[in-house]
Structures are given as C-alpha cells and as structure tokens.
Amino acid sequence: MTHISQNSASDHGTSNDVTLDLVNRHSHTGNLFRISAVILSILFVLGIAGFVLRITTDGTSNNDKWGYYAAVFAFILTTAQGAPMVAIAPRIVKAHWRRSTSRAAELWALSGFITTLVFVPLIFVLPGLEDGRRSFWFYHEGEVARYIPHYVGALSVVAMALAGLFLLWVSSLPDLAYIRDHQTGWRQKWAKVFARGWQGTSWQWFMVNHRMGILGAFYFMMLVFTHFVIVADFLMPFVPGWIDALFPATHAFNALQGGVATVLVTLFVMRKFGGYSDFIQFDQMWGLGKLLLATSLLWIWFSFSSFMIFWFGKKPNELYTLDLLMTGPYLWLFIAVFILVFIVPFFTLIWNPVRRSTWGPPLIACFVLVGTLFDRIRLYVAAYSVPADADMHGPIPLDLVPAAVYPDVFDILITIGVIAGAVLIYMLGTRLIPVINIWEQRELSIYQVHKRFHRTEVQVLGKPE
Amino acid sequence: MANEKWGMVIDLDKCTGCQACVVACQSENNVPINDEPLYNQRRASAWIHIERYWEGEFPDVKARFIPVLCQHCDDAPCEPVCPVFATYHNSSGLNVQVYNRCIGTRFCANNCPYQVRFFNFWEPSWPETLKNQLNPDVTVRSRGIMEKCTFCIQRIHKAGRNAKSEGREIRDGNDLDIRALDPACVNSCPTNTLMFYDMNDPESEIAKLAHDELEHDGRGYHLLEDYGTHPSITYLKKVDKDAELHHDSH
Amino acid sequence: MQEYIEHGPKKINRDLLAGVLGLPRWWMPIASVALLVILIAMCAYGWELNRGIGVAGINRPVYWGFYLANFVFWIGISHAGIMVSAILRLTQAEWRRPVTRAAEVLTLFSLLAALSNIFFHLGRPWRFLWIPPYDFARGVWPNVRSPFIWDPSAIGTYLIGSSLFVFIALIPDLAVIRDRVSGKTAKRVYGFLSLGWRGTPRQWKLQTVAGILLSALVLPVFVSVHSIVSWDFAVNVSVEGWHSTIFAPYFIIGAIHSGVSAVAMVMALMVWGWKLENYITRDHFDAIGRLLIVVATTWFFFFALEFFYAIYTLEDPEIALRTMQVFEWPYGPMFFVFIVASYFIPVPLWLLKNVRRSPMGMFLTTISVNIGMWLERFLIIIPGLARKTPFTFDWGTYHPSIVEISLVCFTFAFVTLGVLVFSKFFPLVPIFDVKEGEVFRDEIKVGRRTVPASIRE
C-alpha cells in the first residue's frame, strides 16, 4: 500500500511567493536595528579604546593582565564560532526544522573576523617555549621553533574563520542570486559581486550541496583542532599541574553548547524584532532545545570526568589545579557556572512544555551564554594569573595558588567591546545576506506535504538521498 | 590512652642487605613459605623485602639496598578502592588489613605505588613439623586474601594491653617493653637500620632524628613523594663519599 | 531507504516468525558447540574455585589479566543495544527498525557475560554478597567510595533497564505468537507473557510512550556504566597509563565503536541464518556503515588525545610505558594489530560504497574491529601493570593460562547460545516495528521523481 502524495501548497504559498516575500523582508531595515547598530558601534569603539589603554599601560609581557582578554577571545570562539555547527550537523541528518535556522547560524561565521583580530595580541602575550613550559611541541633548543605554538595557533584561527566564511558564501550563493535578480541599489551591486554568475543549473546545485558537505565537515574538524590548539598552548601550559587529556575535547564540545545557545538567542530576536515569527516556531525551538539539553549533559559528563580523576587521585599537582580552577579563589564563579550551564538547562529543558514553547529555549540559552562567559573567565583568568616563574614540572604546594584577579576598567571595556563587535558584524552581515535561507525554504515547500492519515492530518517529509 | 601515630625511620646508610628482617617478618606473621615454583610464578610473598639495585659498570659496581614495606600512608591510595572496607586507616596511623573481610578483588594491590601488597594465589601450606612454628597471635590466611605489613599490629596491641593493665601509657614503659612493641623486622635488624617510633611522642629520639633529617637539608626523604601519599616511613639517604656532588639530587 | 520492498502484514508475520515456529537446520549444531564450550569452561572454573586464582596467569605485579580485559570488552559490546535502539529511536532514524531487538538482546547477554567475569576474577567469590548492601549484620556497609561498588550498581541498573526495554518492545510480538502457536503450554506461557495485549489504541499509546521514556531514561545509564568501568582504572595514580581524565569518554566511544560493529556482525549473521535479506537490506548495512565511519573516527580522535597526553606529561615512566606498548615484544605487535584492525583496515573499506552495502564486507570489517578492540582493552590493562611504578625490582610479565583462555571462550559461547535460544522463543526482528515502518512510509512526487518520505505528526 504505497501512497504517492501530490505536491500540495505549503504553508507559505508557492515557492516563488516564498522567495519574493523573504527577499522583501530582508531588504527592510527598521529603526530598532539602526539604533542598536549605533549603540553597538559605540561599545565596540570603547572596547578598542580599552585595548589600546591596556597595551600601552601594561605591555604584553605581564600574563595576569591579559586573562580577561584571553577569556573574551575564548568566549567568542566558543559561542559565536560554534554557531555554524547548528547549521552543519542537522543538515547531515536531514532534519527539516533546520531550514529556518541554518542561515542564522552560518552568519555567525562572520565573527571569525573578530576572533582573528582579537587573537593577534595574544600571539605577543604568550611566552615562547624556551621558558620550559610543558608543550605539545616537545620543545628542544635548536630542534623545535620556540614560537611554533604561535604560528600554529594563528594558522588554525585564520583557517577556521576562512572555512566558516567560505561555507557562508557557498550556502548563500543562490540567495544572493535572487537578490541580484530582484533588488536594486547597493544590495544588488554587492550581490552581483558575490553571486558570480549563479544561474541555478543542476550542476551548480550539485556543487553547492557537495561543497557545503565538505566545508561543513572541514569546519567541524577545524573547530575541534582550533579549540585543541588554543587549550593545549594558550591555556593549559600556564598551570604546571594541569595535565588533563579530556580538556581539549571539553572545550570543543562546549562550543557545541555555546553555538546552540547563540543560535537560540538569535532566533528569538529574529522572531520578536525581525518579523520572522511565521518561520521560527515550535519545531525550531524544540529541536534546538533538545540539542541544548543534550550538550548541557555532555558538559556535566566531561567536567565531572576531569574532576573525578583529579579528586580521587589526590596527587599534589592535581589538587593544586583543582584548587586554582574550582574550589579556591574562583569558587563562587564556579558555582555560578555550574548553575547556569548545567542546573538551569537540565532542570528546565527536560520538561516538554518548556522545550515546545517559543520563549523557553531562548531564555535558557541566555543563562547558558552568561554561564559560558563566566566559565571562560574562570579558566583563562585563573590560568593566566599563575606566576610565570612557577616550577613547571615539580609538585606544587597548595599555598602557591594565586589570589583571584578582579577585572579592572580596561577589562570590562574590552569584554563588552569584543562582544558588541561580534554582534555588530553579525547585524551588518544580515543587511547583505538574508538571515533566512531562502532556497532551503523553497526546498521545504517541495519536500513537505500535508495529508490526511486515518482520522488525522499529518506532515509527510521527503528524505532524499 | 594517648593517641599514638606509628612510624619508621630507615637509615639506608646502615643497611647491609642481610635479609634478617625478611626472615623475621616471615616467621612472626605466618607469611606463606616461598618455594621455587612460587618464585617462578612471580607470586612470592615478602611483606618486607630488600630491593637491590645495581649501579655502575664493572669494576665500579655498587649494590644499593632498600628495604621496602608497607608505608602506612596517611593518604593511602589503597584504602578508598576496596569495595568491602577490608582495608582502612585506624586511629594509630596504621593502614589495617582485615583478612576475613577481603574478597580478593586485588584493586588495592593495583593502587599501591610501592607494590607492597601480596595476594594468596594458592592455599598456603606448611609441612607438618613447621606447623608448631606458627605464631598464635597472627591469623593464618587462606587463599584469595590480600595481606601486607601491619607494623606487627599484634605486638602493638599486646603492648597496649600490658600498658593498660599496668595503668600507664605505652610510651612510658621500660626498654624491654619498648623492644617487645617493635615489629619483628626492627627487632631483628643487626645494624639498627630500622627504627620504630611514635610520631606523637614528644620525647622520642627517633622522631627528633626524622624531623631533623627531613627539615634542614638532611638525608631524610619519602618514597615517591610526587604521588602525595604521605607515607609514615622516612628513609635516610645513604652517604656515599665517592659520589659526585649533585645539586638537584632527590 | 531508497530501495523498498513492500511486504504486507501477513508475509511479515510468516517470515519473521519462521525462527520461532520452526527451527533452521544449522541451529542445533551451533547451539551444541556453544553448549560444549560452556561445559568445558565450567569445568575450568570449577578447577579455579577448587584450587584458587593461582591456576590463572595472574601474578605480582600483574594482578588483573584476561578476566578484567574481557569484562571491559563485554561491557563495551553491551553499549550496542542502547545506541541502536534508544538513540536511533530518539533521533527517529527509520533504518533502525529491523535490528533493535537483536541489539538489545546482544546487550542483555553481554552484560551477563561481563558480570560472570567478575566472579571469575574474585579471590573469594563465595563472599561476593558483601558487595551489594546485604549481610551487614556486622555493621559494615559496602565502601561507596570504591569504583568496584559503583560498577555493580551501574551494571545492575543497566541490566534492569535493558531487560525492561526488551520486554516492552516484545509485548506486541508475544501476542502475535500467542495467537499462532499450537501447544497448550506454549499458548499459556505466551499468553501470560503478553500481558493480555489486544492491540487497542490505548495499549499502543502506552507502549509507545513507555518505549520513548525508557529510551530517554536509559541514556544516562548508558553513559554512566562505561564511565564507571573506566574509572576502575582511571582513579589509580600508581599505574602508568591509567590516570587519565579522558578515560570516561574514551571508553564510551570505544564501546559504541565495538558495540555497533557487533550489531553489524549480528545483522549479517541474521541475514544468512534466517534468510532475512528482504528485511535487513543493503540499505541497512549502508546506514550502519556510515554511522560506523563517524563513530570510528571520533574514537580515533579520543585515542590519539589519550596517547599524546600520556607523552605530554613528560614523565619518564609514562613515556617508557608507551615505548614498551608500541615497540617492545610482546606488546608491540599487539599494538600494531590493534590499531590497524580497529581503524586503518575497516574505515577506508567503509568509505567504499560496495563494501558498506555488502553483508560479507560489513561482517569481515566488523570482526576486524572487535579483534582490535579486545586487544585494546588488553593493552590498556596489562602493560601498565607489568611496568608499574619506578621500582624496576617489581616489574613483571603476564602469560594467560588455559583456565583464563577457556573462560574467555566461555563468554563468547554464552552470548552466542543466549542469542540463539532467544531467537527460538521470540522473533529476533521486531514484527510490530517493521509493520509500523511500512505504515509510516510514504512517497512524494517531485516533478518526475518519486522521493521516499516518512510520516511525522
């Protein structure tokens, strides 16, 4: 008893109606948008000022002044640059709810500009390998370059940003072609440059899908590798006893949670203020809410695995690391992180009514984002505050744990400025590239059919190979 | 009763590797007889054993002896992992093994960094004539049970009972009482390498020796310090007048 | 699924109950061989009970040997069930339908096989009742700080959860058998077991909700069981190569790797044994092959992390251990076989569509994976113990004895016999699941092409 269903009209009309509607919505810029952009620009400029003041006052040789700077870099790397994964992964398993969210997620690849920019001073802050720090490159004088972590770090940050940008470009090619064909003015000019002769032939469509698949896999590999390099060279070696094989994976998988949270908040803004409430509905929030719950559980599992080994083993170096990062000067910050990143998401998102609402997951996502910022601050500020002359290989007494470092004005300006910069570049990007993936919405109207099934009406979703 | 905390000092400068301590321990604690098949199976039990390391090339070869026994660590890694509480830390600072509670998972043996725990793989047997030699104060263990040095806890308890019946503290006894308290290995050592003492005794000479050698750049050290086990045994380094001066020796 | 064969309920019943209502010709010989191996192994175990652990190859310092390696291996295989039935159910992957029950049954018997290894390994197994909180007449409770107490708790929970899972999914099929079987006792037994199933909408709803709830609830157990088993080793500061924070996720991803490979093996055997090529099609093998590529690569990432961080410690004993594991006899050749068999043979082959779509190809590659993964467990446990601590005076070696080898063979025979006996009394392919898949399957016409589709609410 095979059923062959005819392609009936989707919720939004025919595919052409969908295209015109979305392109029109995209080109309208509201007042709220303009005001926010101005405020964010001011904050970004203040952030640059804070950075200039920091670098002229303290220079790059004093690690403990750069803890907050490194923390906000890691924060953007974890949250904004983890967002494209929300486009990549559901695409692989062909989940249809992703169609409204994928472009919003991919646009966060633009924050790669910010991370690359912010990373440059860190290259100068990180000491060379000759101070005897444990490193992944097994430094030997004369045999291994003493600045190899700096080179590899820079290369991987740049490569990851480029992979994300390339993915964004490939995925928006068809949409930029629609803009080129249906719009006028400066948008049409830029779209013509980027759309580069897109005609919509079968070969071009095949190449887009093929390239998105490969770039998606490459972006994931770059994400894992970049997090690994940042952690293994720019974080863990500062703390002599911190030999934690799991932490690169923890840091990378935090990016999945951060990415989902970022996209959730973005979707809420799109729905409430962007006028896309008919595209962003329960399905999207439910799917992403499940992912947020799953990644929160992953966070607790990985964090507990690391903690358990150190706590049970009781080696002096491990006790030092636990004291520095968790139970000592940063105890309250750690408790806040634990509550925001695990307790709140877990005890709310296990309830279906919360997951199935349009406000639930984004609200929880806000908690997760704040918690992730606190988490990065806890890790990076603590690690960067360890005195540079600490004995790197011997057992360290607990009384050498440095006191908590509080942010000063420059740190606050930099943190706010960098986050504002990332959001600003995203907002500016949405003016050129539509924030809803138009061609995927057209695809949905082809693959989605509503029909009667026994006594109810169901959705039939095509799953092409 | 005053709270004792038992410890040992082992002066490696005096150890000749004669193995008298090994024999004394075996006979005091009913340790199973290690015959040749058992050695070949790598299952020999020696609660205290002399580890011998060779140093240098012929003709400048030196033998280094170190008696290794249960260190009775304050943070013993073997204690948390026993599923049935067959090993625990008592109030006198001893790591105690409860034979009739052990079910033989051998987790504690894996966790011990000093490798001083022994397992009864076979049912121990003594020839008929030697059965009279067994110490009635010490349990004879059957197969499937872990065992290790107890600092001759049976002697400590006996001394404690004697002291209580005489209405005094253990440490206030006369010399003979003190000697009866010492573990068998300490008693048998001809060169006074092994010294047994109460760390909480303010008048103990051995405690002063341990303290001095540990503090003022002396010869004192603990085995495997990096593990954070806080052993109760302090070793005193061998004095080797021919050795070169090393600035980072440890 | 791109190629699709429609069956109809009657044919499904007939095909999938063939193993229950009849008996394939090869069933008796293979079950007899398995039973023989089990009997021989029980004699070996009796010998061990009588004489002591001395009959095994265990010594000082290698206090844990084949039994623990085998224990970890079977816990690993047991992760197959949850991965395939729970996770694939929650992600609504349609291709899981024919294989869920075989995977869950494999889980059940693997867990029992793993538990048996604990008995083999104990010095005084007649005292094992001191591990659960039983017999506290002496006022001594189990030591909750010990990983060996977390182990039975986790494994016990997993066993109960898996059994419930198998049973709840089995109820509709038991009703099908009840209505078709002829003997009086058989009818009564199946009737009792099917709990009065009539197939009413309410019963279906309850059964579906129960399945989904169990899938979600058993997931934390799935993660915690192998994490806890890994912590048997990772909490140990004394043994080189054990004290690594990555052990929990590393063991779990390794378990998923060997478990899903075992499911693929069982899929191939089901196709050959019960002639189920119309139900477990090439598309199913393709799907599990693709899953395996992702799983295997993730596993390799964690393995590489673990290995590199061992060297990153820059501690001489740790580095010396790794040198021994990779380069010295007998561990060097084992390491080479392990890494090639677990990753470098299967995964490149799985990238080829022809291999992925062939039962024989999947069978051979997954056997290779499981040989490699058994060696991996051995290489984690024994070299570290042999070369424990800096005291070279106490270093040792390990040679397994005939008792240990026969008891390892026992576990394989036990799982085989268990699955075979299960298949005689209950259908190995879930009938209701396959029928549900047919009902949910649909097609959409797009232009001139027909795209397979699936009904969602």
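Caption draft 1: Layout of the overall build of chain C. Along the backbone of chain C there are 17 helices and 2 strands. In terms of overall dimensions, chain C has C-alpha extents of about 75 × 60 × 40 Å along its principal axes. Residue burial in chain C is summarised as follows: out of 457 residues, 50% are buried. Of the contacts formed within chain C by residues at least 6 apart in sequence, a portion of 79% connects residues at least 24 apart.

Caption draft 2: Quick peek at the overall build of chain A. Along the backbone of chain A there are 17 helices and 3 strands. Since a compact globule built from 465 residues should have a radius of gyration of about 23 Å, the 24 Å found for chain A is in line with a globular shape. For chain A, the spread of C-alpha atoms along the principal axes amounts to about 75 × 50 × 45 Å. The 465 residues of chain A split such that 49% are buried. A fraction of 83% describes how many contacts in chain A between residues 6 or more apart in sequence connect residues 24 or more apart.

Caption draft 3: The interface of chain C and chain A, seen in detail. Tallying the contact residues gives 34 residues for chain C and 37 residues for chain A. Elements represented by at least two residues in the side of chain C that touches chain A include exactly helix H8 (201–234), helix H9 (247–274), helix H10 (282–312), strand S1 (441–446) and strand S2 (449–456) of chain C. Broken down by element, the residue count for the side of chain C that touches chain A peaks at 7 residues, all from S2 of chain C. Looking at the side of chain C that touches chain A residue by residue, the classes come out as 18 nonpolar, 9 polar and 7 charged. For strand S3 (residues 456–462) of chain A and S2 of chain C, the ladder comprises 4 bridges, and the chain directions are antiparallel.

Caption draft 4: Representation of unusual backbone geometry. With an omega of 5°, the peptide bond between Phe58 of chain B and Pro59 of chain B qualifies as cis. Along the chain, Pro59 of chain B turns up in the loop between strand S2 (49–55) and strand S3 (62–68). Backbone torsion omega between Arg60 of chain C and Pro61 of chain C reads 20°, so that peptide bond is classified as cis. When you line up the elements, Pro61 of chain C lands in the loop between helix H3 (27–51) and helix H4 (66–90). With a phi angle near 60°, Lys314 of chain A is a residue other than glycine that sits in the positive phi range.

Caption draft 5: The arrangement of the sheet that holds strand S8 (residues 194–198) of chain B in detail. Taken together, the 4 strands give an open sheet; going across it, the order is S8-S1-S10-S9 (chain B), and neighbouring strands pair in mixed fashion. Of all strands in the sheet, those with a lone pairing partner are S8 and strand S9 (220–221) of chain B, marking the two edges.

Caption draft 6: Structural view of the interface of chain C and chain B. Counting residues at the interface gives 35 residues for chain C and 32 residues for chain B. The class makeup of the residues in the side of chain C that touches chain B is 19 nonpolar, 10 polar and 6 charged.

Caption draft 7: Broad picture of the packing of helix H7 (residues 148–182) of chain A against helix H9 (residues 202–234) of chain A. Residues and elements named next belong to chain A. Viewed as axis vectors pointing N to C, H7 and H9 meet at an angle of 155°, and their least axial separation amounts to 9 Å. Here H7 lies roughly antiparallel to H9, going by the angle between them. Read as a crossing pair, H7 and H9 show a hand that is left-handed. Taken together, the residues of the contact of H7 with H9 break down into 22 nonpolar, 6 polar and 2 charged.

Caption draft 8: Representation of helix H6 (residues 111–125) of chain A in the model. All names here are of chain A. Between its first and last C-alpha, H6 extends 22 Å over 15 residues, near the 21 Å set by a 1.5 Å rise per residue. Of all the bends in H6, the greatest, near 25°, is centred on Phe119, and the proline Pro121 appears no more than four residues after it. Listed as buried for H6 are Ser111, Gly112, Ile114, Thr115, Val118, Phe119, Leu122 and Val125. In the core, the buried residues of H6 are packed alongside helix H3 (67–78), H7, H9 and helix H16 (409–432).

Caption draft 9: Highlighting the nonpolar core. Counting 323 residues, the largest nonpolar core has Leu292 of chain A together with Leu106, Val260, Val263 and Met267 of chain C as its most contacted members. Ranked by the residues each element gives to this core, the list is headed by H9 of chain C, at 19 residues. One finds Leu444, Tyr447 and Val460 of chain A together with Ile444 of chain C within the second-largest nonpolar core, a separate group that totals 6 residues.

Caption draft 10: Spatial organisation of the environment of Tyr330 of chain A. On the secondary structure map, Tyr330 of chain A appears in the loop between helix H12 (316–327) and helix H13 (331–349). Tyr330 of chain A gets classed as buried once you count the C-beta atoms within 10 Å, which come to 24.

Caption draft 11: Representation of the environment of Asn317 of chain A. Within the fold, Asn317 of chain A resides in helix H12. In sequence terms Asn317 of chain A and Phe138 of chain A are 179 residues apart; their C-alpha atoms lie 20 Å from each other.

Caption draft 12: The arrangement of the pairing of S3 of chain A in detail. Residues and elements named next belong to chain A. The pairing of strand S2 (residues 448–453) with S3 spans 6 bridges and is classified as antiparallel. Bridge assignment links Arg452 to a residue of S3, and that residue is Glu457. The turn linking S2 back onto S3 is made up of 2 residues, and His454 within it adopts a positive phi angle of 55°.

About the criteria used
Residues numbered from 1 in each chain as written. Chains lettered and ligands numbered in written order. Predicted model: local features only at pLDDT ≥ 70, side-chain atom pairs only at ≥ 80, totals over all residues. Helix = DSSP H or I, 4+ residues; strand = E, 2+ residues; numbered from the N terminus. Buried ≥ 20, exposed ≤ 12 C-beta atoms within 10 Å, placed from the backbone. Contact = placed C-beta atoms within 7 Å. Rg over C-alpha atoms; globule rule 2.2 N^0.38 Å. Nonpolar A, V, L, I, M, F, W, Y, C, P; charged D, E, K, R; others polar. Pairing = 2+ DSSP bridges. Axes fitted to C-alpha atoms, helices over the stretch in contact; angles between N-to-C directions. Parallel < 35°, antiparallel > 145°, perpendicular 65-115°, else oblique. Left-handed = near helix turned anticlockwise from the far one by under 90°. Expected span 1.5 Å × (residues − 1). Bend = angle between axes of the 7 residues up to and from the residue. Core = buried A, V, L, I, M, F, W, Y, C linked by C-beta atoms within 7 Å.

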